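Tertiary structure, described
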Amino acid sequence: MSDPSLLIRLAEDDDDFILSLVPRFVDFPLPAWRRRHECIEGIRDELLRHLEDQPANSHLFVAEDADGTRVGFIHLQRTEDFFTGRGNCHVADLAVAPAHEGRGVGKALLAHAEQWAREHHCQLVTLAVFPGNERARALYEAAGYDADLLRLAKPVSTASR
């Protein structure tokens, strides 16, 4: 159940707020082969694409406190489960404004995702998180999320021999 003092609504004219939180997605130790500026640029471009094009399977929600201050957002995508073909809800992005951390905003946004998933007959709510993002991992684990698949990576040289 989400915090009753928070209003979680569809994003409308919230592009600047949402994009201002993009650096939060790399505010922790990244894998050695990831460059912070490349991650920020990629995330920003993808969010901007979803904000501008509004694909049918993409849903952005903004959380506001009782004073109407925007405190966080969540980006949900309707996906198809590889193994079962059933519908899933994927949390593509979730960010809380730094001044509002530790106040239950992330928990409320996850609860919203789960309710949305139930209403849309999804089998699972999925998400991905960098191993170094300990704060987000703690939130997800406390909310009952567990590993489903592990994505492993190894950089390879593209230099010619």
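Residues numbered from 1 in each chain as written. Predicted model: local features only at pLDDT ≥ 70, side-chain atom pairs only at ≥ 80, totals over all residues. Heavy atoms only, no water.

Observations concerning the side chain of Gln77
Relative to the elements of secondary structure, Gln77 occurs in strand E3 (residues 70–80). The class of Gln77 is buried, set by a relative accessible area of 15%. With near-sequence residues (within four places) excluded, Gln77 lies in contact with His50, Asn57, Ser58, Asn88, Cys89, His90 and Ala92. (Helix = DSSP H or I, 4+ residues; strand = E, 2+ residues; numbered from the N terminus. Buried < 20%, exposed > 50% of the residue type's maximum accessible area, 1.4 Å probe, protein only. Contact = heavy atoms within 4.5 Å.)

Observations concerning the nonpolar core
With 22 residues, the main nonpolar core has Ile74, Leu76, Leu94, Val105 and Leu109 as its most contacted residues. Those elements that provide at least two residues to this core are strand E2 (58–64), E3, strand E4 (87–96), helix H3 (105–119) and helix H4 (134–142). Here the element with the most residues in this core is H3; it accounts for 7 residues. Discounting chain neighbours no more than four positions away, the residues touching Leu76 are Asn57, Ser58, His59, Phe61, Cys89, His90, Val91, Ala113 and Trp116. Listed in part, the 13 residues of the second largest apolar core include Leu19, Leu47, Leu51 and Leu60. (Core = buried A, V, L, I, M, F, W, Y, C linked by side-chain atoms within 4.5 Å.)

A closer look at the sheet that holds E3
The strand order across the open sheet formed by 5 strands is E1-E2-E3-E4-E5, and the pairing between neighbours is mixed. Each having just a single partner strand, strand E1 (7–10) and strand E5 (124–127) make up the two edges of the open sheet. Pairs of neighbouring strands in the sheet enclose a mean axial angle of 30°, with direction left out of account. Pairing of E4 with E5 involves 4 bridges; the strand directions are parallel. Within E5, the residue paired with Asn88 across the bridge is Leu124. (Pairing = 2+ DSSP bridges. Axes fitted to C-alpha atoms, helices over the stretch in contact; angles between N-to-C directions.)

As for the packing of aromatic side chains
In this description, an aromatic ring pair is defined by two values, namely the gap between the centres and the angle between the planes. Tallying each qualifying case throughout the model produces 4 aromatic pairs. With centroids separated by 6.2 Å and ring planes inclined at 75°, the aromatic side chains of Phe25 and Phe73 adopt a geometry described as edge-to-face. In this pair, Phe25 sits in the loop between helix H1 (15–20) and helix H2 (36–53) while Phe73 sits in strand E3, placing the two residues 48 residues apart along the sequence. Residue classification places Phe73 among the buried residues on the basis of a relative accessible area of 0%. Each ring, one from Phe82 and one from Phe83, has its centre 5.1 Å from the other, and the planes form 90°; the classification is edge-to-face. (Phe/Tyr/Trp six-rings, centres within 6.5 Å; stacked < 30°, edge-to-face > 60°.)

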